[in-house]
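Structural description and commentary
Here is what each chain is made of, one letter per residue.
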Amino acid sequence: MKPVTNPLIIAPSLLAADFLRLGAEAEAVETAGADWLHLDVMDGHFVPNITFGPLVVKALKSRSKIPLDVHLMIAPVDPYIVAFAEAGADHISVHPEAGPHLHRTLQLIRSLGKKAGVVLNPATPVDAVAHVLNLVDIIMVMTVNPGFGGQAFIESQLAKIATLRGMIDATGRRIYLQIDGGVTPVTARDVLGVGADCLVAGTAVFGKPDYAKAIADIRAAAPKPIPERGLGGMTQPGSFARNARFLIARLQNMRAANFPDAPALPIRDPWPGDPSRGARLVKGDLEFLGAGKPMPTRPFSHLSGAALLRAHTLGFSWLRDLRALGTDAARSRARHLVSEFLDEEHLDPLSAKPDVAGARITAWLGHYDFFAASANDDFRQQLMSRLVAEARTLSAALPAEEQDGRALTALKGLLAASVAMPEHANYLARGLKFLTAEVERQILPDGCHIERSPAAHLAALQDLCEIRALLQVGKIAAPVAMAGVIERMALALRALRHGDGGLALFNGSKEDLPSLVDLVLSQAGRSGRAPAVIGASGFYRLAAGKSLVIIDAGSPPAPGLDRFAHAGTCSFEFSIGKERLIVNCGAAPAAGPEWRDALRFTAAHSTLIIADVASSELRENGLGRRPLNVHAQRHEAGGAHWLEASHDGWGKLFGAVHRRQLYLSDSGEDLRGEDIVEAEQPQPFVVRFHLHPSVTASLQQDHGAVLLRLPSGQGWRLRADQAKITVEESVYFGLNEPRRAEQVVLTGHQDGPQQIKWAITKVG
């Protein structure tokens with residue numbers, strides 16, 4: 001195992017520092033080698049002392065380059081989470097006793113982009129954290145009674161620390177086991193020996209004349225190097241347990257062993273392919289999400305393009321397109337490409353990712369009868385041998401590092417192998433164990449997927465439907481955690497589609513074929529009316545008459561779950577019957593970074609934008625700066641609907657809050673809105689309404705309104721107060737091919753009212 005350069009986290013506690021020199025003390029311990037800076041926040045109620053508040057945290061943030069580890073000993077705790085997050089806390093830890101709903105509190109902390117911790121007092125049992133392990137990054141054990149520094153270490157807590165170490169290791173997640181109270185070089189040796197890896201030290205550091213020596217003495221007390229457990233994901237490939245599993249898998253794969261002649265149980269891919277894409281693939285061109293790439297000789301040895309496109313290529317789910325074509329040429333092409341992969345010695349490293357391997361195993365087994373059943377013995381033997389080997393490697397790689405929907409794809413592959421080859425890939429128990437954890441973590445109580453993307457939601461629901469079908473084929477009882485989940489997801493999916501049956505275009509989504517959405521819903525087996533609010537995810541529907549408005553008024557997904565996230569907070573889409581009128585521009589997640597990021601930008605959404613700056617900072621694999629406070633409230637009366645929403649995505653840059661109000665009349669023929677910028681200094685802003693490419697726009701002669709014409713001939717008029725109205729070019733990536741489109745732009749006056757009122761009403 002690669003040596004760990006920083007095997008232990010030391011977090012000096014400012015509770016023991018000189019309060020007259022807090023800034024200087026913080027800088028001193030940072031220079032002395034501290035990893036984190038620990039702040040104990042006490043309210044004089046939950047614990048018998050009063051210490052720091054958000055203003056102190058904010059001041060220290062400007063002086064400290066290391067993470068601020070904030071321990072909240074206050075009750076109730078929920079009303080103060082946002083204040084400490086905004087002040088600059090990097091980690092926020094809470095007590096189970098400090099609020100009525102620990103699960104909700106941890107979700108709030110993570111939604112703010114902070115690491116979440118749970119603190120166990122000496123008398124608090126480990127069961128208090130057992131059912132929220134999927135939401136925590138830190139578990140702190142108090143080895144003194146909280147409230148004062150300098151207390152003696154409570155020896156009985158060693159058994160609790162050891163128990164928690166076992167619970168953490170069983171999850172496969174990277175969770176710090178932190179100790180606070182009575183830490184000295186002597187007690188450090190004891191707690192590190194039973195599994196702790198993060199020590200809060202107060203008087204043991206600040207009570208010594210030489211801070212650097214004090215920290216070094218605590219580090220030297222460690223009985224052995226501790227494997228690094230960084231924050232923010234599951235176990236890294238460098239961990240001892242994972243390395244051991246990979247080594248065993250490699251040894252098994254090198255050893256001559258029996259493998260099945262064919263799958264013991266037939267598995268069938270349930271989703272339709274596209275014969276036109278299959279025809280292009282026969283000719284050597286692969287298409288995915290509007291992006292294309294040639295498939296020349298040795299296509300897997302020199303892959304290029306976006307990671308999503310390469311993963312699709314290596315995952316072989318495109319076999320369904322060749323199957324849909326169904327010709328002998330298609331079967332021959334499928335067999336040839338699988339053979340090319342099996343013979344390739346220099347594969348793209350992405351091919352070994354658990355989700356890619358899981359997709360590939362499922363695709364090979366799901367289309368076995370199409371391309372392999374009639375092949376020669378050598379090909380079938382090579383394929384089955386590779387399937388067994390890949391199942392072993394995939395099992396060793398779990399849990400997957402990715403915490404988003406890709407983990408479900410990986411588990412699907414392992415379960416498919418276990419069902420189809422039970423005597424040679426018997427990893428069923430391992431797969432079901434991780435499946436339970438992923439379902440509980442990834443599917444929100446309202447049935448929406450945690451990535452807040454309609455496309456990701458559809459893909460996750462497809463994976464879970466396949467997993468349920470696999471378990472039924474193998475006559476295996478599904479985990480209790482799956483009970484009702486697929487049905488709840490189906491209802492949420494109905495809320496994320498327009499009247500034409502396609503998906504709403506939020507966070508990396510395209511329209512997708514309505515027939516596919518219908519098929520997924522039928523497989524899910526639950527019908528019902530789409531909910532007006534998907535509460536936990538923050539999507540809202542206003543529906544009246546034939547009109548439907550879908551609004552994204554929720555916080556962006558947390559870091560690590562935001563790979564598809566767009567800077568489109570408070571954007572909306574508007575459709576009438578089966579015709580879309582106002583849209584977002586769509587997505588090109590498999591395209592190059594120029595188009596991909598342009599479509600993620602706020603200006604590509606039907607919402608307000610300030611100074612041409614995105615409401616969230618776009619990064620290659622997610623978001624940086626993002627709204628910390630997103631609020632929405634939906635109302636309904638007399639058949640009319642309205643929504644009040646706001647977010648502070650520009651708060652750090654301009655001190656600005658965007659407030660949006662939408663009103664839909666009971667007839668559905670009158671949609672009104674008001675967009676307001678609240679800021680101390682007036683800001684330049686515009687409000688954009690992107691039109692579906694099937695809509696034509698005509699600016700009226702007085703430039704006071706725009707006439708919008710649907711393909712059916714129905715007309716709508718968009719007008720606005722206190723704004724300049726223009727019609728400009730736009731682009732639409734909601735379909736397979738990009739289309740020219742138009743947008744109506746309302747430009748506010750920086751030296752005038754920071755608000756625009758607008759209305760879209762039916763003509764005639």
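Residues numbered from 1 in each chain as written. Predicted model: local features only at pLDDT ≥ 70, side-chain atom pairs only at ≥ 80, totals over all residues. Heavy atoms only, no water.

What to know about the overall build of the protein
Operational definition: Numbering of helices and strands starts at the N terminus; helices are DSSP runs of H or I of at least 4 residues and strands are runs of E of at least 2. In this treatment the radius of gyration is a C-alpha quantity, and the globule benchmark scales as 2.2 Å times the residue count to the 0.38 power. Only protein chains enter the accessibility calculation, which uses a 1.4 Å probe; a residue whose area is less than 20% of its type maximum is buried, one above 50% is exposed, and one in between is partly exposed. Whether two residues are in contact is decided by their heavy atoms: any pair within 4.5 Å suffices.
Secondary structure summary: the protein contains 24 helices and 29 strands in total. Relative to the 2.2 N^0.38 estimate, which gives 27 Å for 764 residues, the radius of gyration of the protein is 28 Å and therefore close to what a compact globule would have. Split into buried and exposed, the 764 residues of the protein put 56% on the buried side. Taking the contacts inside the protein whose residues are at least 6 apart along the sequence as the reference set, 68% of them involve residues at least 24 apart.

Some thoughts on the packing of helix α17 (residues 377-397) against helix α18 (residues 406-420)
Here is the rule: Orientation is described by axes fitted as lines to C-alpha atoms, over the contacting stretch for helices, and by angles from 0 to 180 degrees between their N-to-C directions. Roughly parallel means an angle under 35 degrees; roughly antiparallel means over 145; roughly perpendicular covers 65 to 115; every other angle is labelled oblique. A clockwise turn of the near helix away from the far one marks a right-handed crossing, whereas an anticlockwise turn of less than a right angle marks a left-handed crossing. Nonpolar residues are Ala, Val, Leu, Ile, Met, Phe, Trp, Tyr, Cys and Pro. Charged residues are Asp, Glu, Lys and Arg, and all others, Gly as well, are polar.
Look at α17 against α18: their axes get within 10 Å of each other, and the N-to-C directions meet at 135°. By the angle between their axes, α17 is oblique relative to α18. Judged by the sense of rotation from one axis to the other, the crossing of α17 with α18 is left-handed. Here Ala391, Leu394 and Ser395 of α17 come into contact with α18, specifically with Ala410, Gly413, Leu414 and Ala417. Class assignment of the residues belonging to the contact of α17 with α18 gives a composition of five nonpolar, two polar and no charged.

Here we look at the side chain of arginine 110
Put simply, the rule reads: For the purposes of these results, a polar contact is taken to be a pair of N or O atoms within 3.5 Å, where, inside protein, one atom must be able to donate a hydrogen and its partner to accept one; residues adjacent in sequence count only when each atom of the pair is a side-chain atom.
Position of arginine 110 among the secondary structure elements: in helix α4 (residues 102-111). Since its relative accessible area comes to 16%, arginine 110 is described here as buried. Within polar-contact distance, the side chain of arginine 110 engages the side chain of aspartate 137 at 3.3 Å. Apart from the residues within four sequence positions on either side, arginine 110 is in contact with Ala116, Asn134, Leu135, Val136, Asp137, Arg173, Gln403, Ala558 and Pro559.

Brief notes about the nonpolar core
In plain terms, the rule: Here, nonpolar core refers to any group of buried Ala, Val, Leu, Ile, Met, Phe, Trp, Tyr and Cys residues whose side-chain atoms link them within 4.5 Å.
Residues Trp318, Trp364, Phe371, Leu383, Leu435 and Leu464 are the most contacted members of the largest nonpolar core, which totals 78 residues. When residues of this core are assigned to their parent elements, the largest contribution, nine residues, is made by α18. Within the second largest apolar cluster, 68 residues are counted, among which are Ile81, Ile109, Phe206 and Tyr211.

Quick look at the packing of aromatic side chains
Stated formally: Under the pairing criterion, centres of Phe, Tyr and Trp rings, with the six-membered ring standing for Trp, must be within 6.5 Å; the plane angle then separates stacked pairs below 30 degrees from edge-to-face pairs above 60, leaving the rest tilted.
All chains considered together, the criterion is met by 16 aromatic pairs. Considering the side-chain rings of phenylalanine 300 and phenylalanine 316, the 5.5 Å spacing of their centres and the 25° angle between planes classify their relative orientation as stacked. Taken together, the positions of phenylalanine 300 in the loop between β10 (291-294) and α12 (307-315) and phenylalanine 316 in the loop between α12 and α13 (319-325) put the pair 16 residues apart, joining distant regions of the chain. We note that phenylalanine 300, like phenylalanine 316, is buried. Measuring from centroid to centroid gives 5.5 Å for phenylalanine 574 and tryptophan 716, while their planes differ by 90°, and the two rings are edge-to-face.

Notes on helix α7 (residues 185-193)
Defined as follows: Note that the arc is computed from the directions linking the helix axis to the C-beta atoms.
All of the buried residues along α7 are Thr187, Ala188, Val191 and Leu192. Summarising the axial view, the buried residues of α7 lie within an arc of 130°, below the 170-degree limit, and thus occupy one face. On its buried face, α7 is in contact with α6 (157-171), β7 (176-180), β8 (198-201) and α9 (211-220). At the exit of α7 stands glycine 195, carrying a positive phi of roughly 120°.

Let's talk about the sheet that holds strand β25 (residues 705-709)
Where we set the bar: For two strands to pair, DSSP has to find at least two bridges joining them.
On the basis of which strands lie adjacent, the open sheet formed by eight strands has the order β19-β20-β21-β22-β29-β26-β25-β24 and antiparallel pairing. Looking at strand neighbours, the two that pair on one side only are β19 (630-637) and β24 (696-699), the edges of this open sheet. Taking each pair of neighbouring strands and ignoring which way they run, the sheet shows an average axis angle of 15°. In the sheet, strand β20 (residues 640-647) pairs with strand β21 (residues 657-664) via seven bridges, with the strands oriented antiparallel. In the strand pairing of β21, histidine 641 is matched with leucine 664.

Notes on the environment of threonine 203
You can see threonine 203 is positioned in helix α8 (residues 203-206). Distance in space between the C-alpha atoms of threonine 203 and isoleucine 50 is 18 Å, their sequence separation being 153 residues.

Overview of the sheet that holds strand β4 (residues 91-94)
Strand order in the open sheet formed by eight strands is β1-β8-β7-β6-β5-β4-β3-β2, with parallel pairing between adjacent strands. The open sheet is flanked by β1 (9-12) and β2 (37-42), the only strands paired with a single partner. Mean inter-strand twist for the sheet, computed between neighbouring axes without regard to direction, equals 25°. One ladder, built from three bridges, connects β7 with β8; its direction is parallel. Bridging from a neighbouring strand, glutamine 178 pairs with cysteine 198 of β8. Running at roughly 145° to strand β5 (residues 115-120), α4 makes contact with β4 and β5 of the sheet.

Topic: helix α15 (residues 354-366)
This is how it is decided: Expected span of a helix, by definition, is 1.5 Å for each gap between consecutive residues, and there is one gap fewer than residues.
Under the 1.5 Å per step criterion, the end-to-end length of α15 is 18 Å for 13 residues, consistent within 8% with the ideal 18 Å. Counting buried positions over the 13 residues of α15 gives twelve, a clear majority of the element. Turning to α15, its buried residues are Pro354, Asp355, Val356, Ala357, Gly358, Arg360, Ile361, Thr362, Ala363, Trp364, Leu365 and Gly366.

Thoughts on the confidence of the model for the protein
So the rule is basically this: On a range of 0 to 100, pLDDT expresses the predictor's confidence in each residue.
Mean pLDDT over the protein: 89, with 93% of residues reaching 70 or higher. Note on residues 1-6: pLDDT under 50 across the span, and nine contacts to partners over four residues away in sequence or across chains. Low pLDDT (under 50) marks residues 224-238, which in the prediction has 54 contacts with non-local residues, meaning those over four places away or in another chain.

Remarks on the pattern of salt bridges
This is how the line gets drawn: We define a salt bridge as a side-chain nitrogen of Lys or Arg found within 4 Å of a carboxyl oxygen belonging to Asp or Glu.
This model, assessed by the stated rule, comprises 38 salt bridges. The partner of aspartate 377 in a salt bridge is arginine 380, with the nearest N and O atoms 2.2 Å apart. In this pair, aspartate 377 and arginine 380 both sit in helix α17, three residues apart, roughly one turn of the helix.

Digging into the environment of arginine 174
Mapped onto the elements, arginine 174 comes out in the loop between α6 and β7. Once the C-alpha coordinates of arginine 174 and aspartate 137 are considered, the two residues, 37 residues apart in sequence, prove to be 6.9 Å apart.

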